[in-house]
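One-letter residues, chain by chain:
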Amino acid sequence: MRGVVIPISMVPGNSVIHRISPLPKLLLAGCVLVLSFSTRNPAILGALIVLGMVMVSVANIWKPFLRVMAILFPILLTLITLQSIAPAFPRPWTPIVSMGPFTIYQEGIYSGVTMVERATSMTIFALAAIMTTHPSDLFASLQKIGMPYVLNFILTMTLQLIPILQKEFTTVLSAQKSRGLKGTGFAAVLPSMVPVFVGAIERVQQLSISLESRAFGSSGAKTSYRSVKVSWVDYLLMLLTTFGTCGLLYWIITDPSLDWSRTLIFAPWLAITLFTLATIGFLIFVIIAIRVVLRA
Amino acid sequence: MTNPVIECQNVWHIYGGSVTAVQDVSLKIYPGEIIGIIGQNGSGKTTLVKHFNGLLKPTKGKVLVNGRDTGPMRVQELSASVGYVFQNPNHQLFARTVEAELEFGPRNLGLPEDEVIDRREKAIEFFGLEPLRHSHPYRIGFPLRKLVGMASVYTMRPAVFILDEPTTGQDNVTTRIVYRLIHRLRDEGSTVLCVAHDMILLAEVVERMVVMRDSLLIADARPREVFSDRALMGSTHLLPPQITELTLRLKEQGKLPQVSLSVSESLDVFAPLFGGKSEGGQA
Ligand SMILES: Nc1ncnc2c1ncn2[C@@H]1O[C@H](COP(=O)(O)OP(=O)(O)OP(=O)(O)O)[C@@H](O)[C@H]1O
Ligand SMILES: [Mg+2]
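The structure displayed is predicted, hence computed values, not measured ones.

Asker: An account of the pairing of strand 9 (residues 208-213) of chain B is needed here, citing residue identities and associated values.
Answerer: Successive side chains on a regular strand alternate, one facing one side of the sheet and the next facing the other. Residues and elements named next belong to chain B. The buried count for strand 9 comes to 5 of 6 residues, which makes it a mostly enclosed element. Bridge count for strand 3 (residues 34-39) against strand 9 is 5 bridges, and the pairing is parallel. Bridge pairing in strand 9 links Ile38 to Val211. Relative to strand 10 (residues 216-221), strand 9 runs antiparallel, the two sharing 5 bridges.

Asker: Please set out the pattern of salt bridges residue by residue, giving values where relevant.
Answerer: Residues and elements named next belong to chain B. Tallying each qualifying case throughout the model produces 22 salt bridges over all chains. Note that Glu245 and Arg249 form a salt bridge whose closest N and O atoms lie 3.1 Å from each other. You can see Glu245 and its partner Arg249 sitting in helix 10 (residues 242-252), 4 residues apart, about one turn around the helix. Using a relative accessible area of 17% as the deciding quantity, one classes Glu245 as buried.

Asker: Before we move on, could you go through the domain arrangement of chain A and cite the residues and values that matter?
Answerer: Under the domain assignment, chain A is made up of domain 1 (2-134 + 228-295) and domain 2 (145-225). The C-alpha centroid of domain 2 of chain A is placed 28 Å from the C-alpha centroid of domain 1 of chain A.

Asker: Residues and numbers for the interface of chain B and chain A, please.
Answerer: Taken together, the contacts link 21 residues of chain B with 20 residues of chain A. Between chain B and chain A, a total of about 2,000 Å² is buried, with carbon and sulfur atoms accounting for 59% of that surface. Area buried by chain B at its contact with chain A is led by Gln76, His91 and Phe94 of chain B, which between them contribute 33% of it. For the pair chain B and chain A, the interface holds 1 salt bridge. For Glu101 of chain B, the salt bridge goes to Arg179 of chain A, with nearest N and O atoms at 2.7 Å. Across the contact surface, chain B and chain A share 5 residue pairs in polar contact (both at pLDDT 80 or more). Only helix 2 (75-78), helix 3 (98-108) and helix 5 (142-154) of chain B provide two or more residues apiece to the side of chain B that touches chain A. By residue class, the composition of the side of chain B that touches chain A is 9 nonpolar, 9 polar and 3 charged.

Calculation rules
Residues numbered from 1 in each chain as written. Chains lettered and ligands numbered in written order. Predicted model: local features only at pLDDT ≥ 70, side-chain atom pairs only at ≥ 80, totals over all residues. Heavy atoms only, no water. Buried < 20%, exposed > 50% of the residue type's maximum accessible area, 1.4 Å probe, protein only. Helix = DSSP H or I, 4+ residues; strand = E, 2+ residues; numbered from the N terminus. Pairing = 2+ DSSP bridges. Salt bridge = Lys/Arg side-chain N within 4 Å of Asp/Glu carboxyl O. Domains from an automatic or database assignment. Contact = heavy atoms within 4.5 Å. Buried area = accessible area lost by both parts, 1.4 Å probe. Polar contact = N/O pair within 3.5 Å; in protein donor to acceptor, adjacent residues only side chain to side chain. Nonpolar A, V, L, I, M, F, W, Y, C, P; charged D, E, K, R; others polar.

As structure tokens, this is what we get:
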């Protein structure tokens, strides 16, 4: 039952990363987002991932982080499978092997691998920022950098709603099991989605009424119960992050040798192994997911 | 003596390694008993009863249902003999119509179609759900939703029926249905466990009362004894029904021979005071 719950929310702790103000962390997450979209170089993306892992280690959030990745990563693997046979890449494509109706292309594997790296690096930094920041601090910091109040509120509420929904899902599933729910596959899990979403909608409706009755729409400056202090260390970190990112961006844009799409050749065995592993990985995930969800 | 349907042997439940919700509880429940479980909010009542249909497994100790350890058993298996009506009906209902909701359990039990329909119809009649049979469970009001929750378990005819706060938030009409349900279950020979803060309900329907406080089982006795024990009641901030309190005080003043649990019972008890014969009465 606990396997179903994925906490994408703050993991309390007292590491250096926890103590840094949310602003540098958000900035870093944003910079990594920009960087990963500006390059397809597997080494740079890999380096970003390693850096993210260092952050996760320092923050000591491996367990919750891996729990999220255990769900996300297999889904990302489908990118390799799909890209290999239908690359999102300008032609010409270099075929590696043909298997029945499908042909695996060199560019496809490259594209799939880099896309997975891209998504992974972005996720690591975003998760590291969210998991080490109190939701209210996140709220206060976003407000500080000029995010409109209402938008900001929606974002933080959504983040807080996720763990609640996950808990509800578990509860509803246990209700169905206590009425002898049998069967396997998604058809069996599907009914529990209904009450969870109906519950969520009811909750949101009530929330909007209670917000209004507490003068949510009124004008005037909004304050937060928790205030975010930005120290010189934070400014220094933000400065470093900005410079680092700009430097990297400059290098990425000006150095054409960083485009390895035609030079990095995957040997056929490697390509097939990657393709097969990704596909099997995803299928195993689907099977395990169904099992976990249905386990008593 | 018959064997207990449910037996707890030194059961502990600790949530997430830190919150102790049930501590060293030992308890035997025999077939046909009607038991009330009381205690303050957060005393561990829900946690305890969730062990009986396997939704929770003890952190330490053992729970036996019909003599079998629930440890390795699945909720689905246990659901045929132990029915649990959730405290919050929103967590329990998921079908598109009330009818489908009532059919869900018996279908999972693998009953033949005509039996499923028969049970559905009986439940609709008993709980007065006729006007709502095609409604979506989420479009009907909370009290009726709660009745649908009970009806959906009732159609499974479990030997043990667990009700978690069945009357909380219910009006007089739906409360009466809960009373009738418990009476009906008793007549059918089911074992009923009722978690409740509604002392009037319990005083009237249960024969045995289990009191919890801070995750401990602190008393297990007949309602009359529990309600008369001021130290016990006071220690967990529970109040007996007013009529019980009144007769208890009168008894302490030596004016009444015994404490009564309901209005109709009181009429009999009061009769000698007023020098007349009681006519009995309707609560
Ligand atoms: N899923 C959970 N995770 C962690 N703690 C929990 C969980 N469910 C209950 N608790 C805690 O366990 C204790 C007992 O809770 P429980 O729900 O069993 O009490 P209860 O007697 O049913 O209360 P109520 O009268 O409010 O329904 C409480 O302190 C509660 O906060
Ligand atoms: Mg409870």
